[in-house]
Number of protein chains: 2
Amino acid sequence: MFVVEGRKSIHEFIDNGFHLIKLFSVNEKYFKGKAIKILKSDLKKISFLNNPDDHLALFKIPASKKIDYSNLILAFDNINDPGNLGTIIRTCDWFGIKDIICSKNSVDCFNPKVVQSAMGSLSRLNITYLDLENLISKQSLKTYGTFLSGNPIYEFKNELKNGIIVFGNEANGISPKIEKLIEFKLTIPKSDDRLYPESLNLSSSVAIVLSELFRRNQ
Amino acid sequence: MFVVEGRKSIHEFIDNGFHLIKLFSVNEKYFKGKAIKILKSDLKKISFLNNPDDHLALFKIPASKKIDYSNLILAFDNINDPGNLGTIIRTCDWFGIKDIICSKNSVDCFNPKVVQSAMGSLSRLNITYLDLENLISKQSLKTYGTFLSGNPIYEFKNELKNGIIVFGNEANGISPKIEKLIEFKLTIPKSDDRLYPESLNLSSSVAIVLSELFRRNQ
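Residues numbered from 1 in each chain as written. Chains lettered and ligands numbered in written order. Predicted model: local features only at pLDDT ≥ 70, side-chain atom pairs only at ≥ 80, totals over all residues. Heavy atoms only, no water.

Student: What am I meant to see in the side chain of Asn201 of chain B here?
Tutor: In this fold, Asn201 of chain B is placed in the loop between strand S10 (184-187) and helix H7 (202-217). Given a relative accessible area of 10%, Asn201 of chain B falls into the buried group. A polar side-chain atom of Asn201 of chain B sits 3.0 Å from the main-chain amide nitrogen of Ser204 of chain B. Not counting residues up to four positions away in its chain, the partners in contact with Asn201 of chain B are Thr87 and Arg90 of chain A together with Asn84 of chain B. (Helix = DSSP H or I, 4+ residues; strand = E, 2+ residues; numbered from the N terminus. Buried < 20%, exposed > 50% of the residue type's maximum accessible area, 1.4 Å probe, protein only. Polar contact = N/O pair within 3.5 Å; in protein donor to acceptor, adjacent residues only side chain to side chain. Contact = heavy atoms within 4.5 Å.)

What follows is the structure in structure tokens.
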């Protein structure tokens, strides 16, 4: 099971067919017949938030669906920060990405902080955990990766309408064993050649790459 | 005073002329003559991090510098989340923005979580807190704002080489009194006209807008 907090998000998971196990609510009128009334003081004890919303739900973790390789897919090699993954899920949802792949050592997408920062978007994306190295070596898909040095994303001529774009770990980037398998190296250029800042935040990088692809494919 | 944790970030603040008040270090060899040795167990007690780095410094909050209105400036109307502001500072540094303006009710840029997520970039940006309404009404600068409905950023023809781009609060967007003063409304288009997701994360929106401006001004 996993926890979803907040009225809007809970409604999104219900509307998208997730199996609701239990729903606790300070004000049940928002969930007719579905919620168990709870005191705010009790909700505070079970909430993961510092300032809990009035509603907390438990849903069943769904079986993962088949990955649709005809669309562009984002893959994450050891993504660590739950806030980053949640923000990325929200950005992917905005730009119409349907599938995300995470390496097995990545943060769990049903971690409460991921669910919270994804703001309901987790209910619309298919997230699969698998051996990235194995997938990339066996699939015949085009494989792109984001690096600190590569082809500037703005000048890259390929349309990137399908294939896999790999993003690396927050501190260490893409691991050497995955880097070896990547066909096209992409980079987000910095305004000048100063040493600092050394990198962009991971979720900001994903937002920039997806925006740029969306712009050129319009 | 404000707290900076982590070897790299502390070095960046020192190198950029910030006044160091005290520096506690588990391993002083990284800061010759500047650090006071501290036990890891004591550092853990004073650190704001769950997994503290070996170094914690106190710097003096500098006097704010004059805003350079000849460059493009980002302004934030009631930005609330310290992680967002920190990430935004890092992204601004990446794309060469020098000045950020925050409304007076915004989160403090010297909040430890802002400093942490800005990863040293706070040492290179000038951040000024002032009455946004007053500033925009009195300055003759072009004023842009990001909204859920406006001109798609990709089609907007203006170069945006100077002026002010206003971003709103995480939950409520730009406040009505500021919206009235904004000349050009910009938006980041969604992949289709679904109701959800309702918005993008604030720091992701900033990353997208800055990347798009940087691309077209290259």
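Student: Any chance you could explain the sheet that holds strand S4 (residues 55-59) of chain B here in plain terms?
Tutor: In any sheet, the strands associate via hydrogen bonds between backbone groups, in a parallel or an antiparallel arrangement. All names here are of chain B. In space, the four strands of this open sheet follow the order S1-S4-S2-S3, with mixed pairing throughout. Edge positions in the sheet fall to strand S1 (2-5) and strand S3 (36-37), since each of these pairs with one other strand and no more. Relative to S4, S1 runs antiparallel, the two sharing four bridges. Its bridge partner being in S4, Val3 is matched across the sheet by Leu58. Each of S1, strand S2 (20-25) and S4 touches helix H1 (residues 7-15); the most contacted strand, S4, lies at about 25° to it. (Pairing = 2+ DSSP bridges. Axes fitted to C-alpha atoms, helices over the stretch in contact; angles between N-to-C directions.)

Student: Any chance you could explain the relation of the copies chain A and chain B here in plain terms?
Tutor: Here the second copy of the chain follows from the first by a rotation about an axis and a shift along it. Relative to chain B, chain A is turned by 180° and slid 0.0 Å along the rotation axis, the superposed coordinates differing by an RMSD of 0.0 Å. Overall, the copies show the geometry of a two-fold rotation axis. In this assembly the copies share their binding face: 100% of the residues contributing to the interface of chain A also contribute to that of chain B. (Least-squares fit on C-alpha atoms with pLDDT ≥ 70 in both.)

Student: How do you make sense of the packing of aromatic side chains when you look at a structure like this?
Tutor: Between two aromatic rings, the relevant description is the distance of the centres plus the angle of the planes. Residue and element names in this part refer to chain B. In this structure the tally under the stated criterion is 26 aromatic pairs over all chains. Measuring from ring centre to ring centre gives 5.5 Å for Phe76 and Phe167, while their planes differ by 20°; the resulting arrangement is stacked. Of this pair, Phe76 sits in strand S5 (residues 72-76) while Phe167 sits in strand S9 (residues 163-167), and the two are 91 residues apart along the sequence. Like Phe76, the residue Phe167 is buried in the burial classification. (Phe/Tyr/Trp six-rings, centres within 6.5 Å; stacked < 30°, edge-to-face > 60°.)

Just geometry here; none of it tells us what the structure is for.
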